[in-house]
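Residue-level structure breakdown
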Amino acid sequence: MSRAEVKMKLKKTLPFLVGFLLLAVLLYTLGVEKVLGLLAKTKLEYLLLALLAYFVCELLAALTLKILFPEGKLKYLLPCHMCGMLYSALTPGRVGYYYVAYSLSKKLGKSISSNAGLLTLMQAINFFLKVIFSLAAVLYFSFYFITVEAKYYLILVSLAPLAVVAVIAVFLYTGIPLKLLGNSSGLLAKIKSYVISMQDASQNVGKMSILKIMLLSFLSWLLLGLMLYLTAKSLSLEVPYLACLMMHPLLSAIMFVPFVPAGLGLTETGSALLFKIIGLTTADGVAFMLLVRAGMIIIDSFGVVDMKLLGEK
């Protein structure tokens, strides 16, 4: 094996190693047997309802793709989105979701770069709403007795998506990226053509389409709050629906940390902190987040059907 291949393998495995190490340290600190004991008492009826709520949420996401790709059929868009979500759960910063751009290019005959531009716009809208929801969450959790450090943590997590929105807005709606690339040639010229294609695709999306996407994102938030509520119920944890609703934007924001796959270890730590704030134990929070993560992966695993569909093309 060459040195370059070793570096490539290390680059791919290091984020997983870091994520699992963070999770292992957290579990060791809390007591593995305590967390496993909580998971062993899971009530399947509530867990199945939680999975159903998440599946409906995935249907709404497929409808969002339908708005951006009207020529696509829902029966293809749903497994495509789910497969993208599965990849995103295995990649730092959840960048694996851009598998959808590749999949749709094969199905619809459109360029990967224009598809990526539309997906980036969709992410920008979601992040914009995430900022609003997260600030509401900070206000909600501030009614609990929390430390100054916890308040700073909540504010930081809630404002982090704002930076992502700003970067995406500059990338898609200004000439700055093109100016930076200049009159380039070779690889840079190819990147410039990709950027132009992404900007053209995203700038052609109408205001009404953006409003529809925002409405579907809001409904998804309500459903994801329900999923968290039912997951808590499956662990016999009494967590108000409103608290679950407010938890989601904060926890999902951590999942986009670009160092470990879907915020592995960090999201569980955030969940532990939030559960401590509302009067439950940190072990409750970790068990809860592990179950949420497992449930999402179980549902999104059905997205592997999309790989089979691609193979038939």
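As shown above, the structure is provided for reference.
The paragraphs below set out a description of the structure included in this document.

Basis of the calculations
Residues numbered from 1 in each chain as written. Predicted model: local features only at pLDDT ≥ 70, side-chain atom pairs only at ≥ 80, totals over all residues. Heavy atoms only, no water. Salt bridge = Lys/Arg side-chain N within 4 Å of Asp/Glu carboxyl O. Helix = DSSP H or I, 4+ residues; strand = E, 2+ residues; numbered from the N terminus. Buried < 20%, exposed > 50% of the residue type's maximum accessible area, 1.4 Å probe, protein only. Phe/Tyr/Trp six-rings, centres within 6.5 Å; stacked < 30°, edge-to-face > 60°. Lys NZ or Arg CZ within 6 Å of the ring centre and 35° of its normal. Lys, Arg positive; Asp, Glu negative; His and termini not counted. Contact = heavy atoms within 4.5 Å. Patch = residues over 30% accessible without salt bridge, like charges linked within 9 Å, V, L, I, M, F, W, Y side chains within 5 Å. Areas by Shrake-Rupley, 256 points an atom, 1.4 Å probe, with all protein chains shown as cover.

**With respect to the pattern of salt bridges**
- Considering all chains together, one arrives at four salt bridges under this definition.
- Among the salt bridges present, the one from Glu 238 reaches Lys 233, with a minimum N-O distance of 3.9 Å.
- The closest approach of N and O atoms between Arg 293 and Glu 268, which form a salt bridge, is 2.8 Å. Remark: Glu 268 occurs in helix 12 (residues 266-277) and Arg 293 occurs in helix 13 (residues 282-300); sequence separation between them is 25 residues. Across the pair, Glu 268 and Arg 293 agree in class, each one buried.

**Looking at the packing of aromatic side chains**
- Overall, the coordinates contain nine aromatic pairs when judged by the stated rule.
- When the centroid spacing of 6.5 Å and the interplanar angle of 50° are considered together, the rings of Tyr 99 and Tyr 102 count as tilted. Note that Tyr 99 and Tyr 102 are positioned in helix 5 (residues 99-108) at a spacing of three residues, about one turn of the helix.
- Of the residues examined, Tyr 102 reaches a relative accessible area of 37% and is grouped as partly exposed.
- Pairwise contacts between aromatic rings join Tyr 87, Tyr 99 and Tyr 102 into one cluster.
- Looking at Lys 130, its charged tip hangs above the ring of Phe 127, at a distance of 6.0 Å from the centre.

**Concerning the side chain of Lys 130**
- Considering the arrangement of structural elements, one finds Lys 130 in helix 6 (residues 112-141).
- Put simply, Lys 130 is tucked away with no salt bridge, and the nearest opposite charge, on Glu 58, sits 12 Å away.
- In contact with Lys 130, other than residues within four places in its own chain, are Pro 161, Pro 249, Ser 252 and Ala 253.

**Considering a nonpolar patch on the surface**
- Judged by side-chain polarity, Leu 14, Leu 17, Val 18, Leu 22 and Leu 266 come together as a nonpolar surface patch covering roughly 390 Å² of accessible area.
- The dominant element in the nonpolar patch, judged by the number of residues it contributes, is helix 1 (residues 3-30), at four residues.
- Tracing the backbone shows Val 18 in helix 1.

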